[in-house]
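Breakdown of the fold
Residue-level listing of the chains:
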Amino acid sequence: MPKLTIDGIQVEVAPNTTILQAAEIVGSEVPRFCYHDRLSIAGNCRMCLVDVEKSPKPVASCAMPVAEGMVVHTKSARANKARAGVMEFLLINHPLDCPICDQGGECDLQDQAMAYGFDRGRFHENKRAVPDKYMGPLVETSMNRCIHCTRCVRFATEIAGVPSLGATGRGEDMEITTYLEQALASELSGNVVDLCPVGALTSKPYAFNARPWELRKTESIDVLDAVGTNVRIDSRGREVMRVLPRINEDINEEWLADKSRHACDGLRYQRLDRPYVRIAGKLQPATWQEAFDAIAGRVMNLNGDKIAAIAGDMADVESMFALKALMTALGSRNLDCRQDGAALDANVRASYIFNTTIAGIEQADALYIIGSNPRKEAPILNARIRKRSLKGNFPISVVGDQADLTYKYTSLGTDVAAFFQTPPAPTQAKNPMVIVGMGALARPDGAAILAAARSFAEAIGAVKDGWNGFNVLHTAAARVGGLDVGLVPGIGGRDTRGILDGASKGEIEVVYLLGADEIDTAKLGKAFVIYQGHHGDRGAHRADIVLPGAAYTEKDGIYVNTEGRVQRANRAVFPPGEAREDWTIIRALSATLNRTLPFDSLAQLRARLVAAHPVFTDLDTVVKAEWKTFGTAGAIAAGPVKSPIDNYYMTDPISRASRTMAQCTEEFVNGKTPAQKTGTHG
Amino acid sequence: MKRALHPEQPATFSFSTEMKARADRIIAKYPKGRQQSAVIPLLDLAQRQEGWVTKPAIEHIAAILDMASIRVLEVATFYTMFNLSPVGKYNLQVCTSLPCMLRGSEEVLRACKDRLGIGLGGTTPDGQFSLHEVECAGACVNAPVIAINDDYYEDVDGAGAWKLIEALKRGDKPTPGPTNGRDASAPIGPPLTLTDLPAPPAVQDFAAAKAAFEKAKAEAAAKAAAPKT
């Protein structure tokens, strides 16, 4: 362990630490542009120069490993002068357009120029001009501002696994571009905007919308996939302006998937802002009491067996808990939170969570993916698989579509029945992992597949003391929470398929949809449909009563991610118009139905929730689930397994209402690039 | 000059049988998984076959070497000796770096422009000649130099450049190397230094030297032994 002195402080660090990292340990901040913890070291911006004794020249600290007895000065006059020189060179070609630059106020170059910049320019020649590049509907470019740190190139190549960004030319003619100016086709492309230390790459949908100091920042949880990415919601007034990632090493590191980042404009369109009641075939605006009375008129004297409820993909745990309580009070056992019909067993927690945990992927040494496309279903989790894959010695096998997952894998065919008939023999792997996706479990024979996957995991040694390699990858943020509160059919009750079947046959007369839009609404037949949700999507179109709820940015709610990690989302803005937080709607409805639920505040509800389901006691951690028998052995039908997500950019009511996501669908799914704009557009 | 792909590109590219064999030999030099090291020689082969590096060639090489097209494009745009647009049969690359400039490369360049009627970066309408200005060609000792395709024509002046072009137009192939009668980089004309053999070193008489030494030693001893007066 080399010992060295930095700014007069002795420190002992691990070998192969760089001077910059060692300086951070002692608390000396070194300015940098190209260096980033999670990317490879480039050493090309030269901003991190420090003074090392006995070295004839200042040293780039990001690329220099520490050595025994080094004496480093990060704040000496020589280091400061060197950095001031670098800064002057960087500013030679950097335009003075901060007042019209979207990075203004959160720009590394701006901040560091305050510390190292010269107060006037000595360069009287023309600045260089670089044509802007097209990078797709999410990333706006202003290439005059680029300082060639190549963070974006390294991110695309290393983390996203989509090597389409590069630097062409050399010297003064060096330009960052995608190959032939194609769109950056990655589900993680938005992160290059965060990485860009200047305003060269900015967010296209957010262009010229707000300044960072005008925004109110709310720490919350993303619900557009089941990863539970930690996000910061930036809002101004009643509007969500943008969503940014927060650092959480256990989940998303510091990345955020494009849908989670850019679908937030969908929160502005197609919103349900008042209750509606269907009168003579048309939805008419109504008051809350009129809507509740209309429901009471249909429900009050109805046998509980004729009532059913389905919860959607973005429901918070509190409202699902309240819904279950209301349905139980009404005598209904027809409940389900699995609107895709996945055969998940709510009795055994280990059967429906990602037991290995996302960070645990890095400890695995073999992976089998069955019926899932993690790149589309959970891009952040896929980035973690890629990270592990790049370290080597990590054979990956896939049963299902042969999609580009950004890492190399062996395809074991698409037929899951054939796979389980002759499963691969156990290998030398110490910590093998199995990921079972909704593509497999949502099939009618899902229960048999679940049982077969459990046997397979046990056979290859994926489940043992200190290691659980059985994982279910969910596609919906509400699923694990719904299973945790037991929003599944009671004894003799109907599941989603049964409810739809019953509704089309007339055996179910009232269906309560809590934000459930991914079901086949044509199968609801003549049933009286109550839709509670925030967007006028499929469910609301079919509904007889519409109760306007709150989207995830508009309520305090608990969500459980695919790992079984309980996290709290916080309200950033208020719901529009007369819309209310979802649990309060169910609570108010219960009073009208004379079955008043026993809680009057969120705190009371949560206290009851924790009492009924102790799993909600621990926030932000994953509690190891007990391994038990689950699944139903049975015949597995031959046939391909297919990921449920065809279009990553439109999977839920928010992203379907988003114009940005519509543009992404056009560009990346339908393959239509808009007419190329010239460098002088806008 | 900004280096970018030419706006007009052929539809396809593939290596000829001979070039394919050469490419395979080059790739085989590198360990498995490191084939990407062959990207520069393969781009060179493509340029030798087509005269310039085309977009289909870049994509073809990327596919052969299992790398992203942008990585090959980066290399092709970085090295100025890859022609990204079509060049004539004879590509005149006039060095204008400092030593060549001091020895008259401006005159050479002017002669080329006048004789060919094209500017820098241009190609004659018959597709025979292209003219480029290049950075140091690495032959400063024979400055000024014109590289025509792979051959160096050294110690050229304006008239010499004119004659070179005339010869090429006739279809002759002038001999590469110095054009003013020098032998490689030896001086012009007879040698001015080291013209005769140096005188041999004087022969030393070691026996006489030893005798003189012994004599001096004996005298010193006798002087020391003599009684003091």
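Residues numbered from 1 in each chain as written. Chains lettered and ligands numbered in written order. Predicted model: local features only at pLDDT ≥ 70, side-chain atom pairs only at ≥ 80, totals over all residues. Heavy atoms only, no water.

**Quick notes on the interface of chain A and chain B**
Counting from both sides, the interface comprises 17 residues of chain A and, opposite them, 17 residues of chain B. In this structure, Asp-66 of chain B and Lys-408 of chain A form a salt bridge, with 4.0 Å as the shortest nitrogen-oxygen distance. Taken together, the elements giving at least two residues each to the side of chain A that touches chain B come down to α4 (151-159), β7 (165-168) and β8 (175-178) of chain A. Take the side of chain A that touches chain B: its biggest share by element is 4 residues, from β7 of chain A. Looking at the side of chain A that touches chain B residue by residue, the class counts come to 6 nonpolar, 7 polar and 4 charged. (Contact = heavy atoms within 4.5 Å. Salt bridge = Lys/Arg side-chain N within 4 Å of Asp/Glu carboxyl O. Helix = DSSP H or I, 4+ residues; strand = E, 2+ residues; numbered from the N terminus. Nonpolar A, V, L, I, M, F, W, Y, C, P; charged D, E, K, R; others polar.)

**A closer look at the pattern of salt bridges**
All names here are of chain A. What the rule picks out here adds up to 59 salt bridges over all chains. For Glu-88, the salt bridge identified is with Arg-122, shortest N-O distance 2.8 Å. Of this pair, Glu-88 sits in helix α2 (residues 77-92) while Arg-122 sits in the loop between α3 (108-116) and β6 (139-141), placing them 34 residues apart in sequence. Linking Glu-187 and Arg-375 is a salt bridge whose minimum nitrogen-to-oxygen distance equals 2.7 Å. Note that Glu-187 is positioned in the loop between β8 and α5 (191-195) and Arg-375 in helix α9 (residues 374-377), a separation of 188 residues in sequence. The exposure class of Arg-375 is buried, given its relative accessible area of 10%. (Buried < 20%, exposed > 50% of the residue type's maximum accessible area, 1.4 Å probe, protein only.)

**Quick word on the domain arrangement of chain B**
Once the domains are mapped, chain B shows domain 1 (17-78) and domain 2 (90-187 + 200-223). Its C-alpha centre places domain 1 of chain B at a distance of 33 Å from the equivalent point of domain 2 of chain B. (Domains from an automatic or database assignment.)

**Points about the packing of aromatic side chains**
All names here are of chain A. This model, assessed by the stated rule, comprises 17 aromatic pairs over all chains. An angle of 65° between the planes, with centres 5.1 Å apart, marks the rings of Phe-419 and Phe-420 as edge-to-face. In this structure an aromatic cluster arises from ring pairing among Tyr-368, Phe-419, Phe-420 and Phe-456. A cation over a ring is seen here: Arg-454 above Phe-630, with NZ or CZ 5.7 Å from the ring centre. A cation over an aromatic ring shows up here: Arg-659 above the ring of Tyr-269, its NZ or CZ 4.0 Å from the ring centre. (Phe/Tyr/Trp six-rings, centres within 6.5 Å; stacked < 30°, edge-to-face > 60°. Lys NZ or Arg CZ within 6 Å of the ring centre and 35° of its normal.)

**Notes on the side chain of Asn-230 of chain A**
Summarising the element assignment, Asn-230 of chain A is placed in strand β11 (residues 230-236). If we ignore the near neighbours within four places in the chain, the residues touching Asn-230 of chain A are Ser-220, Ile-221, Leu-244, Pro-245, Arg-246, Asn-248, Ile-251, Asn-252 and Gln-567 of chain A.

**Some remarks on the packing of helix α1 (residues 17-28) of chain B against helix α2 (residues 39-50) of chain B**
Residue and element names in this part refer to chain B. The interhelical angle for the contact between α1 and α2, taken along N-to-C directions, is 170°, at an axis separation of 10 Å. Comparing the axis directions of α1 and α2 gives the class roughly antiparallel. Residues Met-19, Arg-22, Ala-23, Ile-26 and Ile-27 of α1 pack against Pro-41, Leu-42, Leu-45, Arg-48 and Gln-49 of α2. For the contact of α1 with α2, the residue count by class is 7 nonpolar, 1 polar and 2 charged. (Axes fitted to C-alpha atoms, helices over the stretch in contact; angles between N-to-C directions. Parallel < 35°, antiparallel > 145°, perpendicular 65-115°, else oblique.)

**So, the nonpolar core**
Residue and element names in this part refer to chain A. Of all hydrophobic cores here, the largest spans 108 residues; its most connected members are Phe-155, Leu-165, Ile-176, Val-192, Leu-381 and Ile-385. When residues in this core are grouped by element, the largest group, 5 residues, is from α4. If sequence neighbours within four positions are ignored, Val-192 has contacts with Val-139, Cys-152, Phe-155, Leu-165, Leu-184 and Leu-201. Within the second largest apolar cluster, 80 residues are counted, among which are Leu-330, Ala-457, Phe-599 and Phe-616. (Core = buried A, V, L, I, M, F, W, Y, C linked by side-chain atoms within 4.5 Å.)

**Looking at the sheet that holds strand β4 (residues 59-60) of chain A**
Residues and elements named next belong to chain A. Strand order in this open sheet of 5 strands is β2-β1-β5-β3-β4, and the pairing throughout is mixed. Looking at which strands have only one partner, the edges of the open sheet turn out to be β2 (9-12) and β4. Relative to strand β5 (residues 71-73), strand β3 (residues 49-52) is paired through 2 bridges, and the arrangement is antiparallel. Across the sheet, Val-52 pairs through a bridge with Val-72, a residue of β5. Relative to β3, α2 is tilted by about 155°, and along the sheet it contacts β3 and β5. (Pairing = 2+ DSSP bridges.)

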